[in-house]
Amino acid sequence: MAASLRLRRLGAVAAVAGGAYFTLLSNPSIASSDRGSSPNLTALKQRISDPFASVPSRSVSESTLIGSSLANPLDILVIGGGATGCGVALDAATRGLRIGLVERDDFSSGTSSRSTKLIHGGVRYLEKAVFNLDYGQLKLVFHALEERKQVIDNAPHLCHALPCMTPCFNWFEVIYFWMGLKMYDLVAGRRLLHLSRYYSAQESVELFPTLARKGKDRSLKGTVVYYDGQMNDSRLNVSLACTAALAGAAVLNHAEVISFHRDEDTGRIVGARIRNNLSGKEFDTYAKVVVNAAGPFCDSVRNMVDNEAKPMISPSSGVHIVLPDYYSPEGMGLIVPKTKDGRVVFMLPWLGRTVAGTTDSNTSITMLPEPHEDEIGFILDAISDYLNIKVRRTDVLSAWSGIRPLAMDPNAKNTESISRDHVVCEDFPGLVTITGGKWTTYRSMAEDAVDAAIKSGKLSPANKCITYNLQLVGADGWDPASFTVLAQQYVRMKRSYGGKVVPGVMDTAAAKHLSRAYGTFSERVAAIAQNENLGKRLAHGYPILEAEVAYCARHEYCESAVDFIARRSRLAFLDTDAASRAVPRIIEILAAEHKWDKSRQKQEMQKAKEFLKTFKSSENAQFHDGKHN
């Protein structure tokens, strides 16, 4: 009875979804809103795609912020350098507004670098829309699927389509998931990546060799495969920051707002006191509007204005683990549709390894959240039921926790039932706060925040939002075969331990890695590897080169060893032990680039060690319960 009810409800909502989809297409305000066009758009795109373009230096950005005044303020000051904050800076700058952005740590140092790496419309949200008959959730899925395709198109070197497999152990599950995922295809409409399809049990294990065919009194009947997007999240975030800088925004990482300035007569926020956390220097910056995009810390920013401000977010912890590549095939992800407590767990190939997660639980807000062993064990338990190999705690190469700033709903019973939709508000004059949302919709979230800021500050943009079709740095002219240019035209000059310089081949793995990480700018990194004898790998088994450290220090605002191992490369997330071994050489190169003294180098080593301790690999596991040894 329950099964037939579920199928009937699925069919009913499919009809609603189909009707809603055509409604969206016919309503330009929803489906294809007037994105606007700028007379300077061509020049802007040329500046962003210029292979020789360089972002303004930190000192130039800082001077721009310091140069603002009450008489000549910036249009918008953005607080927070995550996906949303950098998206706001890019959107506003490309509308011809004067923009500043400050981030107290590094771009993508918080939630934005700790995602599941998926760009998705939300299969789970679609299921909720079905069984709760919630049209609001359905509209979220429509919107996210539209944005999903655009994120991939705007940064194709950092994003791609990924097939995801859902195992079915009875024929009802086959029908249920096939119908549900066909509905997902229908909702995606013209933004569809690829059609979902059913595979038999035999076909499924050929595509995913570690998938278990039998276990716990059940046998695999087949799988349903659908497509979502996958990304390199922190590199996408850094690309947003660099693109915004090239578009004219003054972006400054490692700079913290410590207080606000208010108009004495109206009480409106007109600026902020900022501390450069690298130099310790403090300065004032003035702006017509301040946008608070501080993610989990947005309430802390609001508390600077009012200590008794009502919280806007409900923080939720999401833990992920990284396992060796043999856990999943290179081009196929796996979804555990329902764990013991009803959650969904993903197991996805990512940068040559396998990422698995996530959890969803209440948490406190900290700068460096750490995963708990029971959360790691929960993920290992969930995937072990679906695999034919032994799932071991000793295989965990890295484990991390991220804090999702979910939009607060006081009536919600648990964090998973809270909508991932975003909230934009101005509860204090001059301070526009944006919170909630997810990576997939960062661009439209930024658009909403800038629209609100323009209204608040009575600003005069030169044009409407143009980020819908704006490619990020490294994207213009890139295609999946671009790596062949690196492999054929460059060599990796390596300095041996004896000091002798020897040539090494630019192998396929290194060439593909550079092309995927830097897009069309990868030739600049390859040139450093060839011409400055920085072609050696930083860690055995990983294609990350010494040249990348120098390039990121010069062109991507990489100011610390942690900036590099966590956000410019992903070594800390892929393998904490390998990252630890690479840190001394990374510090050596950064010291040469930034002219660090011995004291600063020692400080960098200590900070890197402390940071890596928060990543619970098998090397620093807190206990072993015997189940996954």
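Residues numbered from 1 in each chain as written. Predicted model: local features only at pLDDT ≥ 70, side-chain atom pairs only at ≥ 80, totals over all residues. Heavy atoms only, no water.

Caption draft 1: Spatial organisation of the pattern of salt bridges. Summed over the entire model, instances satisfying the criterion amount to 35 salt bridges. Across the pair Asp451 and Arg95 runs a salt bridge whose closest N-O atoms are separated by 2.8 Å. Residue Asp451 is located in helix α12 (residues 442-457), and its partner Arg95 is located in the loop between α4 (83-93) and β2 (99-103); the two are separated by 356 residues in the primary sequence. Given the relative accessible area of 36%, Asp451 is considered partly exposed. Linking Arg302 and Asp299 is a salt bridge whose minimum nitrogen-to-oxygen distance equals 2.7 Å. In this pair, Arg302 and Asp299 are both assigned in helix α10 (residues 298-305), three residues apart and thus about one turn of the helix distant. As far as the burial class goes, Arg302 and Asp299 line up, both buried. (Salt bridge = Lys/Arg side-chain N within 4 Å of Asp/Glu carboxyl O. Helix = DSSP H or I, 4+ residues; strand = E, 2+ residues; numbered from the N terminus. Buried < 20%, exposed > 50% of the residue type's maximum accessible area, 1.4 Å probe, protein only.)

Caption draft 2: Geometry of the nonpolar core. Core analysis: the largest hydrophobic core is formed by 136 residues, its most contacted members being Ile76, Ile99, Cys159, Leu236 and Ile586. A per-element tally of this core places helix α19 (residues 576-594) first, with nine residues. Val319, Met332, Val336 and Ile379 belong to the second largest nonpolar core, which has 30 residues in total. (Core = buried A, V, L, I, M, F, W, Y, C linked by side-chain atoms within 4.5 Å.)

Caption draft 3: Local environment of the environment of Val141. By secondary structure assignment, the location of Val141 is in helix α6 (residues 135-154). For the pair Val141 and Ala509, spaced 368 residues apart in sequence, the C-alpha to C-alpha distance is 36 Å. When sequence neighbours within four positions are dropped, the list of residues in contact with Val141 reads Gly121, Gly122, Tyr125, Leu126, Tyr184 and Val187. (Contact = heavy atoms within 4.5 Å.)

Caption draft 4: The arrangement of helix α11 (residues 373-384) in detail. Here α11 is twelve residues long and its end C-alpha atoms lie 16 Å apart, about the 16 Å a rise of 1.5 Å per residue gives. Most of α11 sits out of view: ten of its twelve residues are buried. Where α11 is concerned, the buried positions are Glu373, Glu375, Ile376, Gly377, Phe378, Ile379, Leu380, Asp381, Ala382 and Ile383. The inward-facing, buried residues of α11 contact β11 (313-323), β12 (333-336), β13 (345-350), β14 (353-357), β15 (361-362) and β16 (398-407). (Expected span 1.5 Å × (residues − 1).)

Caption draft 5: Inspection of the UniProt feature "domain: Alpha-glycerophosphate oxidase C-terminal" (unreviewed entry) in the chain at higher detail. In the numbering used here, UniProt assigns the "domain: Alpha-glycerophosphate oxidase C-terminal" (unreviewed entry) feature to residues 465-600. Secondary structure within residues 465-600 divides into 53% helix and 7% strand; the distance between the first and last C-alpha atoms comes to 42 Å. (UniProt positions renumbered as here; feature names shortened; annotations may be inferred.)

Caption draft 6: Geometry of the pairing of strand β10 (residues 282-292). Within β10, eight of the eleven residues are buried, which leaves it mostly tucked inside the rest of the structure. Both strand β1 (residues 74-79) and β10 contribute to a ladder of five bridges, which runs parallel. For Val78, the partnering residue across the bridge sits in β10 and is Val291. Across five bridges, strand β9 (residues 269-276) lies against β10 in antiparallel orientation. When the sheet's bridge partners are listed, Arg273 is paired in β10 with Asp284. Joining the antiparallel neighbours β9 and β10 is a turn of five residues, in which Gly280 adopts a positive phi near 85°. Relative to strand β18 (residues 431-436), β10 runs parallel, the two sharing three bridges. (Pairing = 2+ DSSP bridges.)

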